[in-house]
Each structure stands twice: as C-alpha cells, then as structure tokens.
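# Summary of the model geometry
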Amino acid sequence: MDKIEQAKEKFGALIEEQLKRVEKMKADKDFIDYSTLPVIKIGIVGGDGIGPSITSQAQRILEFLLKDEVEKGRVEFKVINGLTIENRIAALKAIPDDVLDEIKQCHVILKGPTTTPSASDKVNIESANVAMRKELDLFANVRPVRIPDEGIDWTFYRENTEGSYTLGSKGFNIDDDLSFDFTVATTDGTERIIRAAFEYAKNNGKKRVTCVTKANIIKTTDGKFLNTFKEIAKEYPDIETDDWYIDIMTAKLIDPKRRKGFQVVVLPNLYGDIITDEAAEFQGGVGTAGSANIGKRYAMFEAIHGSAPRMVDEGRDKYADPCSIIRAASMLLSHIGYAEKSKKLDKALDICTQTEKKVVITGKSDGATSAELADYIMETIKENERI
Ligand code: IPM
Ligand code: MG
C-alpha cells in the first residue's frame, strides 16, 4: 500500500477512537458523592523504585488519621502490588489487566512513582501515569504551590487527558524522513477542566483565574481552549480573568512582583506538565509538591517526582523523602470529605519540614529514614491536638 494511504488508515483509526471517547465523556455527567457511599475504598499502589517505601509511610499516616473510620468500616484500605516496570514489560501493557481490575474496585488511589520506559528501552509502553489518567478519565490534574512568605498561593488546573498526551505513544513515521505526532482537544474535555478551575476558584474565595495557551501558534486546539475559557468566564462575573501565552507565563513566574497576582491557572496538558515543575521549584522542588488527578468516578493522588531507581540500587530507599506522597495523601483526605484531617496533616508537615525540622531527610544514611519522618509527623499531629 502506498505510504499516504497507509497513514490515512492509521489516522482514521485514531479519529474513530477519539470520537468514541467524546461519546463517553458526553455520557458521564455526574461526579461521585463520597458522602453517600457505605464504604470508601482507598487503593495503595506503591509503584517502582522508592515508591513502595515512601507510599507505605503515607499509608501509615492515613491509617493513623482515619483510625476511627477504619474501625467503623467507613473506610477500607487495599494494597495493590504489581504496578512495576518488570510486570509492565512482561505484559507489554502500561497497566497489567489484573492491576487495573483491582484499581477499578477502589474509589480513590494513592500512587507512588512509576518508571516510564523511554524510547531507548525499545518497548513502546505508555507511561503508567498517563495510562491511569486515561483509563480512569482523571481529567483534572490539580497541583498547588504555596509559599506564604513570598505571597505565593497558586493552584494549577492542568488538563490531564488531552493535548499532546492523548496520542503521545500513537504518532507514526510516514517514512524515514517524516514523523508525525498529534495533539487533541475536544469541546467536552476543554469545558470540564475550565469549569473545574472556575468552580474551585468560586468555592475557595479565589479572585482570579488565568488561562495559559499558545493559541497564537497552535491555533485549532489551543484556540478552542482559549475561546472556551472566554465563554465560560462569562458564567463567573465575580471572578477576574486573564490569559497568557506559555512562553511569557514561564518568564512571569520568575518575576517576584507579577507572580503574586496569579491564583488559579488553567492550561492544556503539556504546558501544565512543564510549568508545574517550574512552580514547584520555588517551593523547594518537585519532591515537596503533591498532585491530585480528579475524574468524575475515580481520583488518584500521587507524588510528582520520579522513582529514583538509583536509590534502590544503592540500598537507600528507606532514606527517601516521603513528603510529596504525604502531601498527596493530604489532598486525598480533603477530596473524600476529611478536610479537617487534611489541614492537620498539612500543618504538621509544614512544622516538621519547614520550621522545627527535628528530623531531617538527606536521602542518605546520615539522614533520617522515611519511617522516622512519618513518626515525627504523627507525633506532631498528636502534639498539636494536645495544645
Ligand atoms: C507528571 C510527570 C508525568 C507527565 C510523566 C512521569 C509521564 O512528569 O506527572 O508531571 O508527564 O505527566
Ligand atoms: Mg511532569
């Protein structure tokens, strides 16, 4: 078959797949209401590298804070093993079927980092993160960055299932000289993330929502994102809005005066990926930030750093910093209706890692273990309750 015909066939299959996704989005209207569930099931997925070690510490803290709820049978934990790079390569799947089945039996997931095979690994397996976001339709990636001393209080609403990620592992070479990747935006997918950002702003007393695109160049998909933003903004007359292109936005985040003005930022997938690493760096690096992936039926909370296989090879996994996954655990608590417990945990984390610092993680044997930091955090929560 001629190469153009072959490419048309492949492109046609991609369009069919995306049209089905659009239909599915149109059918999924309502958000799950945790308060009506007889039992909330929390899945603990350790992942690769340092993942199991740090995730088990975050689980200990969750079990401590939810002790009564577990006793009453209101909350249940389920440890899900097997989301490892070895199993994924053996199954040639981003998430092996049995693991995915177990995940789908839960309501919310706490997930450690997973190793993403790169092009040089010679297996074209999608990242487990990206696959989970797609499988569970976790369309809103919420990433807060707070530095009170510098007046920074940002919440990023990164679109999580579309843009360059939708078909990121489905691009193709037309011949040796020509390669294509694709970027996708749907009206439903764009509306739901922008609406989620405005709803968050409205419910949390935020005054401004900022949209970031590159709509001057990526005219069709980013154009849809920006136009949809302007339309939805009309439904929220009390909230101020502005829009920026991604290049100048990355620069403005460094400008100490200008950056204080940003509050809620909504943006397509790839720009959100990049800018949330930049933003987290001001707060102390990606290891300090938690990340929530929210859908209508499921939600997944994760550390935003990698799996650090070298630490495991060198026997240092027990010294890994569990802060990011503990922040993620706090976001999980708040998401399922335990906002007070989440606040207690955030406060203890701030005390333990920013002010008091009685236990310090260095990543090596001269520092504390993740378990010691978790103990210190739980002690601090008890201490604060006594005051
Ligand atoms: C993130 C990560 C992931 C992404 C990787 C690990 C696939 O960088 O969560 O930001 O690109 O989304
Ligand atoms: Mg990233």
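### Quick word on the sheet that holds strand β2 (residues 75-80)
Strand pairing in a sheet is mediated by backbone hydrogen bonds. Such pairs are either parallel or antiparallel. Spatial strand order, β2-β1-β3-β12-β11-β4-β5-β10-β8-β9: ten strands in an open sheet with mixed pairing. Looking at the sheet topology across the chains shown, the edges are occupied by β2 and β9 (240-245). The mean inter-strand angle of the sheet, taken between neighbouring strand axes irrespective of direction, is 20 degrees. Inspection of the sheet shows strand β4 (residues 140-147) paired to strand β5 (residues 152-159) by eight bridges, in the antiparallel sense. The residue of β5 that forms the bridge with R146 is D153. Of the strands in this sheet, β3 (108-111), β4, β5, β11 (290-294) and β12 (299-303) touch helix α6 (residues 128-135), which is tilted by about 165 degrees from β12. On the sheet, helix α13 (residues 323-335) packs against β1 (40-45), β3, β4, β11 and β12 and is oriented at approximately 160 degrees with respect to β12.

### With respect to a nonpolar patch on the surface
Judged by side-chain polarity, F11, I15 and L19 come together as a nonpolar surface patch covering roughly 280 Å² of accessible area. On the secondary structure map, F11 appears in helix α1 (residues 3-27).

### Comments concerning the packing of aromatic side chains
If you walk through the whole model with that rule in mind, you get ten aromatic pairs. Here F172 and F182 contribute two aromatic rings whose centre-to-centre distance is 5.5 Å and whose plane-to-plane angle is 55 degrees, an arrangement assigned as tilted. Separated by ten residues along the polypeptide, F172 in strand β6 (residues 172-175) and F182 in the loop between β7 (178-180) and α7 (187-203) bring together distant segments of the chain. Both residues of the pair, F172 and F182, count as buried. Ring centres 5.7 Å apart and planes at 80 degrees place the aromatic pair W244 and F262 in the edge-to-face group. Residue W244 is found in strand β9, and its partner F262 is found in the loop between α10 (256-259) and β10 (264-267); the two are separated by 18 residues along the sequence. Here the two residues W244 and F262 agree in accessibility, since each one is buried. Here a set of aromatic residues connected by ring pairs shows up, and it is made of F11, F172, F180 and F182. R259 extends its terminal NZ or CZ atom over the ring of F282, reaching a point 4.7 Å from the ring centre. One Lys or Arg, R297, reaches over the ring of Y298 and ends 4.2 Å from the middle of that ring.

### Structural notes on the environment of G73
Topologically, G73 is positioned in the loop between α3 (67-72) and β2. Considered as a pair, G73 and D313 are 240 residues apart in the sequence and their alpha carbons are 39 Å apart. Other than its neighbours up to four places away in sequence, G73 contacts P38 and V39.

### A short note on the pattern of salt bridges
Under the defined criterion, the tally for this structure stands at 35 salt bridges. With its nearest N and O atoms 3.0 Å apart, the salt bridge here joins K93 to D97. The exposure class assigned to K93 is partly exposed, which follows from its relative accessible area of 34%. Judged by relative accessible area, which is 45%, D97 ranks as partly exposed. Residue D153 pairs with K206 through a salt bridge whose shortest N-O separation is 3.3 Å. Pair noted here: D153 is in strand β5 and K206 is in the loop between α7 and β8 (208-213), with a separation of 53 residues, a long-range link. Among the residues examined, K206 registers a relative accessible area of 15% and is labelled buried. Sharing partners across several salt bridges, the network here consists of K111, R133 and E302.

### A word on the domain arrangement of the protein
On domain assignment, one finds that the protein holds domain 1 (31-138 + 295-387) and domain 2 (143-285). When each unit is reduced to the centre of its C-alpha atoms, the spacing between domain 1 and domain 2 is 25 Å. Between domain 1 and domain 2, the contact holds ten residues from the first and ten residues from the second. Here domain 1 packs against domain 2, burying approximately 990 Å² in sum over the two surfaces, 47% of which is carbon and sulfur. Interface area lost by domain 1 to domain 2 is led by R133, K134 and I304, which between them contribute 46%. Counting the contacts that link domain 1 with domain 2 gives four residue pairs in polar contact (both at pLDDT 80 or more). Residue contributions to the side of domain 1 that touches domain 2 peak at three residues, all from α6. Classifying every residue of the side of domain 1 that touches domain 2 by side-chain character gives four nonpolar, one polar and five charged.

Cut-offs used in this document
- Throughout this document, residue positions are counted from 1 along each chain, in the order its sequence is written.
- All chains are assigned letters beginning with A, and all ligands numbers beginning with 1, in the order in which they are written.
- Owing to the predicted nature of the model, reporting of local features is limited to residues with pLDDT of at least 70; listing and counting of side-chain atom pairs is limited to 80 or more, with chain, interface and lining totals taken over all residues.
- Note that the side-chain values use all heavy atoms of the structure and ignore hydrogens as well as water.
- Any two strands between which DSSP finds at least two bridges are classified as paired.
- Under the scheme used here, helices are H or I runs from DSSP no shorter than 4 residues and strands are E runs no shorter than 2 residues, and both carry numbers assigned from the N terminus.
- To get an axis, a line is fitted to the C-alpha atoms, and for a helix only the part in contact is used. The angle between two axes follows their N-to-C directions and goes from 0 to 180 degrees.
- Only heavy atoms matter for contacts: two residues are in contact if any of them lie within 4.5 Å across the pair.
- Each patch is assembled from residues with relative accessible area greater than 30% and no salt bridge, linking like charges that lie within 9 Å and nonpolar side chains (Val, Leu, Ile, Met, Phe, Trp, Tyr) that lie within 5 Å.
- Only the protein chains shown count as cover for residues, with accessible areas throughout obtained via the Shrake-Rupley method and a probe of 1.4 Å.
- What makes a salt bridge here is a side-chain nitrogen of Lys or Arg within 4 Å of a carboxyl oxygen of Asp or Glu, nothing more.
- Side-chain rings of Phe, Tyr and Trp (the six-membered ring for Trp) are treated as a pair once their centres are within 6.5 Å; stacked means planes under 30 degrees apart, edge-to-face means over 60, and tilted covers the remaining angles.
- The buried label applies to any residue whose accessible area, calculated with a 1.4 Å probe on protein chains only, is under 20% of its type's maximum; exposed applies above 50%, and partly exposed to all values in between.
- Note on geometry: a ring has a charge over it if NZ (lysine) or CZ (arginine) is within 6 Å of the ring centre and within 35 degrees of the ring normal.
- Marked domain ranges trace back to an automatic or database domain assignment.
- Buried area adds together the accessible area that both of two parts lose upon being put together, with accessible area traced by a 1.4 Å probe.
- In protein, a polar contact means a hydrogen-donor-capable atom and an acceptor-capable atom, both N or O and within 3.5 Å, with residues adjacent in sequence counting only if both atoms are side-chain atoms; elsewhere, any N or O pair within 3.5 Å suffices.
- For this classification, Asp, Glu, Lys and Arg are treated as charged, while Ala, Val, Leu, Ile, Met, Phe, Trp, Tyr, Cys and Pro are nonpolar and the rest, including Gly, are polar.

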